[in-house]
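Chain by chain, the residues run as shown.
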Amino acid sequence: MLMEVKKQIKISLLSIKYSIMMQMLNKVTFITNVIFMILNNASFIIQWMVLFNIKDNVGGLSFKQVILLWGIASGTYGIAHLFFEEAFNLSKLIVNGKLDSFIVQPKNVLISVVTSRSKISALGDLIYGYIVLLFYGITIKRFIIFTFVNICGGIIIAEISIIYNSFCFWFVKADILGDTINNTMLNFATYPETIFKKSVKLILYTIIPVGFSTYMPFKLMLKFGIREFFLLIISVLIISLLTFGIFNKGLKKYSSSNLMVSRI
Amino acid sequence: MAIIEVKSLSKEFKVKVKEKGIKGSIKSIFNPNYNIINAVNNISFSVQEGEIIAFIGPNGAGKSTTIKMLTGILYPSNGTISVMGINPSKQRKKLAYNIGTVFGQKEQLWMHLTPYDNFKFFGAIYDLNDNQIEKKIEEYSKVFDLGKFINTPVRNLSLGQRIRCEIVASLIHEPKILFLDEPTIGLDPVVKENIRELIKKMNKEYNTTIFLTSHDIGDIEKLCKRVIIINNGKIILDDTMRKLKYNYLNKKIIEVRTKRKVNLHGSEEYTILKNVDNCLKIEIDTTKSNVMDIIKQIDEDEIIDINISNIPLENIITEIYKK
């Protein structure tokens, strides 16, 4: 079992390496993609600066803390799209019958699929996250926690996308639902949890579970606690189990197709 | 010993039926209607180790659906499959170590990587160590003559070179069975011939069982000793190529070039296919008449050239499809 996990990790890392290599084929595109993504994220600081000129705090958070929230939203999004990009295109792969080549390989289908492509602009998001950490005040402890919460949050974001995209096994047009949830999660991730009422919070920990991918990591970053640390790990484990369960159940409904396709 | 055993295999697809226009679209939301399509309908067959078998049929006959069930891509609705004693639906990973697949219409290779890097990746997928992978690459590079382009990115290769690389990638782990779904689609005749030679070589040297689907009669005629024909999800013929030809080649084509136009009219025994410019083309049913009797009806002094041939296998298979 342990050996199998080791082999799967080796293949996934190799796959990620190759997909990043593919994205780096064109140096100019690669560099501009990364830099423009950093600038794009940085531009949102201005609207918060304007807001904090009027108010001292937003939902009890200071300017630095709100920017840290942005850093976590950006970092988690970066991890999710850099390493698991196909989680966000899964519905199209299902509908167009592009899972065939992964099913005939002796590895886990879901992991092989989601790690088979990278979005290089996501590297800009990830770098931006660490720039924000520098601005917030970096220490070794904060660096380690920030990296840890970004990985957990990134995995959760990818998994939520997989869950919603997997509905395509049952309903053809479920890709719209997947895209909507991904965009909504990103929108909510950049606002403090404290500004929302209880009923909205309930949605943010269920239907649009940005609470697990951004708010919990953010709380852990603000104040590290063993309870919060384990809660985040348990959340990742439960969502992972749910993700693999739904995907594997859906895979039995997979109907493939005979479209002419290439892996580019 | 049977390496593939299929019993009463069926696959149904539920397809939504929509009435015309916007009204139909709205109606289908609230009261959807579905059709059940029997893509594969209660088929049984077995394949022996080392066999090269052609699994053919017209478009939509159920070929790809069957191959996808045999490789674990699709789950059967009914029936049982055993590939090397493995149930593809339940032991997908175990099966994957023992089979190779090439889908002519689907790319498995990474386009931006060289064939060499691709083979390294596929070797790693099948848990081969670096030495084993290098050894296999060296061996197949010679057999498949990849030397000239093994370090060229796949996206820059010709279709023929790419298919050769696809086959090598699917052979890197030495599978016992190779499933080829239209491997020569879109290739020119020379490359097709090369691929066929390689498939033959592979079967001979490694005793690999080949399960082939193709619309190219040349693939079937030159590679396979046995053919299974499927249509509308059902097997309509399962026989050796020799018997297929023997049973169905009861028609001959006679082409005669004469000094002057010959006046012959069709009868129950033969059909005039063409009679223009002193060229006569006749189809004879050899169960009703023999070739010599028909030729004797033409004045031998008038004959300049004569050619007697079998009906092309393509026509025979088309006839079988129509039945």
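This text follows the structure it describes.
Below you will find a few notes about this structure. Being a predicted model, the structure only gives us computed values, none of them experimental.

Thresholds applied
Residues numbered from 1 in each chain as written. Chains lettered and ligands numbered in written order. Predicted model: local features only at pLDDT ≥ 70, side-chain atom pairs only at ≥ 80, totals over all residues. Heavy atoms only, no water. Helix = DSSP H or I, 4+ residues; strand = E, 2+ residues; numbered from the N terminus. Rg over C-alpha atoms; globule rule 2.2 N^0.38 Å. Buried < 20%, exposed > 50% of the residue type's maximum accessible area, 1.4 Å probe, protein only. Contact = heavy atoms within 4.5 Å. Buried area = accessible area lost by both parts, 1.4 Å probe. Salt bridge = Lys/Arg side-chain N within 4 Å of Asp/Glu carboxyl O. Polar contact = N/O pair within 3.5 Å; in protein donor to acceptor, adjacent residues only side chain to side chain. Pairing = 2+ DSSP bridges. Phe/Tyr/Trp six-rings, centres within 6.5 Å; stacked < 30°, edge-to-face > 60°. Lys NZ or Arg CZ within 6 Å of the ring centre and 35° of its normal. Axes fitted to C-alpha atoms, helices over the stretch in contact; angles between N-to-C directions. Core = buried A, V, L, I, M, F, W, Y, C linked by side-chain atoms within 4.5 Å.

1. A word on the overall build of chain A
Here's step 1: When you go through chain A residue by residue, the secondary structure sums to 12 helices and 0 strands.
Here's step 2: Sequence-ordered secondary structure for chain A, helices as α and strands as β, is α-α-α-α-α-α-α-α-α-α-α-α.
Here's step 3: For chain A, whose C-alpha radius of gyration is 19 Å, the value lies close to the compact-globule estimate of 18 Å for 264 residues.
Here's step 4: Counting only C-alpha atoms, chain A reaches 60 × 45 × 40 Å along its principal axes.
Here's step 5: Within chain A, the fraction of its 264 residues that count as buried is 51%.

2. Topic: the interface of chain B and chain A
Here's step 1: Each side of the interface is counted separately: chain B has 31 residues, and chain A has 35 residues.
Here's step 2: Across the interface of chain B and chain A, roughly 3,100 Å² is buried in total on both sides, 61% from carbon and sulfur atoms.
Here's step 3: Counting across the interface, chain B meets chain A through 4 salt bridges.
Here's step 4: Between A:Asp100 and B:Lys68 there is a salt bridge whose closest N-O contact spans 3.7 Å.
Here's step 5: Our count for the chain B to chain A interface comes out at 9 residue pairs in polar contact (both at pLDDT 80 or more).
Here's step 6: At the level of secondary structure, the elements contributing two or more residues to the side of chain B that touches chain A comprise α2 (63–70), α3 (92–96) and α4 (115–125) of chain B.
Here's step 7: Broken down by element, the residue count for the side of chain B that touches chain A peaks at 6 residues, all from α4(B).

3. Details of the pattern of salt bridges
Residue and element names in this part refer to chain B.
Here's step 1: Taken as a whole and assessed by the stated rule, the structure comprises 22 salt bridges over all chains.
Here's step 2: When the shortest N-O distance is used, the salt bridge between Lys120 and Asp130 registers 3.8 Å. Note that Lys120 is positioned in helix α4 and Asp130 in helix α5 (residues 130–143), a separation of 10 residues in sequence.
Here's step 3: With relative accessibility at 51%, the residue Asp130 sits in the exposed group.
Here's step 4: As a salt-bridge pair, Glu166 and Arg162 come within 3.5 Å of each other at their nearest N and O atoms. Taken together, the positions of Glu166 and Arg162, both in helix α6 (residues 159–171) and 4 residues apart, correspond to about one turn of that helix.
Here's step 5: Look at Arg162 and you get buried, because its relative accessible area is 12%.

4. Quick word on the pairing of strand β5 (residues 99–103) of chain B
Residues and elements named next belong to chain B.
Here's step 1: The buried fraction of β5 amounts to 5 of the 5 residues, a majority that puts the element mostly inside the structure.
Here's step 2: A two-sided burial pattern is seen for β5, the buried positions comprising Ile99, Thr101 and Phe103 on one face and Gly100 and Val102 on the other.
Here's step 3: Relative to strand β6 (residues 177–181), β5 runs parallel, the two being bridged by 5 bridges. Bridging from a neighbouring strand, Val102 pairs with Leu180 of β6.

5. Considering the environment of B:Lys225
Residue and element names in this part refer to chain B.
Here's step 1: Structurally, Lys225 is set in the loop between α8 (217–223) and β8 (226–231).
Here's step 2: Of the residues examined, Lys225 reaches a relative accessible area of 69% and is grouped as exposed.
Here's step 3: Spatially, the C-alpha atom of Lys225 lies 20 Å from that of Glu319, the residues being 94 residues apart in sequence.
Here's step 4: Residue contacts for Lys225: discarding those within four places in its chain leaves Ile52, Thr240 and Met241.

6. So, the packing of aromatic side chains
All names here are of chain A.
Here's step 1: In total, this model carries 28 aromatic pairs over all chains according to the counting rule given.
Here's step 2: Measuring from ring centre to ring centre gives 5.1 Å for Tyr130 and Phe146, while their planes differ by 75°; the resulting arrangement is edge-to-face. A residue pair is termed long-range when its members are at least 10 positions apart, and Tyr130 in helix α7 (residues 121–136) and Phe146 in helix α8 (residues 140–166) qualify at 16 residues.
Here's step 3: Exposure remark for Phe146: the relative accessible area of 0% places this residue in the buried category.
Here's step 4: Seen in terms of ring centroids, Phe224 and Phe229 are 5.6 Å apart; in terms of plane orientation they differ by 50°. Their pairing is tilted.
Here's step 5: Chaining the aromatic ring pairs together yields one cluster made of Trp48, Phe52, Phe63, Phe135 and Tyr191.
Here's step 6: It is Lys64 that lies over the ring of Phe135; its NZ or CZ is 5.9 Å from the centre.

7. Looking at unusual backbone geometry
All names here are of chain B.
Here's step 1: Non-glycine residue Asn207 carries a positive phi angle of around 55°.
Here's step 2: Overall, Asn207 belongs to the partly exposed group, its relative accessible area being 41%.
Here's step 3: For Asp277, which is not glycine, the phi dihedral falls at a positive 50°.
Here's step 4: If you trace the backbone, Asp277 turns up in the loop between β11 (270–276) and β12 (279–285).
Here's step 5: Residue Asp277 is classed as exposed on the basis of its relative accessible area, which comes to 71%.

8. Quick word on the sheet that holds strand β3 (residues 52–56) of chain B
All names here are of chain B.
Here's step 1: The sheet built from 6 strands is open, its strands ordered β5-β6-β7-β3-β8-β9 with mixed pairing. For this open sheet the edge positions go to β5 and β9 (234–240), each flanked by a neighbour on one side alone. Strand after strand, the sheet turns through a mean of 15° between neighbouring axes, direction not considered.
Here's step 2: Where β3 lies against strand β7 (residues 209–213), 3 bridges are found, and the strand directions are parallel. Opposite Ala54, over in β7, you have Leu212 as the bridge partner.
Here's step 3: Taken strand by strand, α6 contacts β5 and β6, and its axis lies near 160° from that of β5.

9. Here we look at the sheet that holds strand β1 (residues 2–17) of chain B
Residues and elements named next belong to chain B.
Here's step 1: With antiparallel pairing, 3 strands are arranged side by side in an open sheet as β2-β1-β4. The sheet terminates laterally at β2 (33–48) and β4 (78–83), the two strands that pair on one side only. Sheet twist, expressed as the average angle between the axes of neighbouring strands with direction ignored, equals 25°.
Here's step 2: The sheet contact formed by β1 and β4 spans 5 bridges and is antiparallel. Looking across to β4, one finds that Ile4 is bridged to Val83.
Here's step 3: α2 rests against β1, β2 and β4 of the sheet, and its axis sits at about 120° to β1.

10. Notes on the nonpolar core
Here's step 1: Ranked by size, the top nonpolar core spans 100 residues in total, and within it A:Leu99, A:Phe247, B:Ile4, B:Phe45, B:Leu70 and B:Phe211 carry the most contacts.
Here's step 2: Excluding its chain neighbours within four sequence positions, the residues that come into contact with A:Phe247 are A:Leu90, A:Leu99, A:Val109, A:Leu110, A:Ile162, A:Ser166 and A:Phe169.
Here's step 3: Judged by nonpolar contacts, the second largest core, of 61 residues, contains A:Tyr18, B:Ile56, B:Val154 and B:Ile195.

11. A short note on the pairing of β8(B)
Residues and elements named next belong to chain B.
Here's step 1: Counting buried positions along β8 yields 6 of 6 residues, so the element is predominantly enclosed.
Here's step 2: As paired elements, β8 and β9 share 6 bridges and run antiparallel to each other. Within β9, the position partnered with Ile230 by the bridge is Ile235.
Here's step 3: Joining the antiparallel neighbours β8 and β9 is a turn of 2 residues, in which Asn232 adopts a positive phi near 50°.

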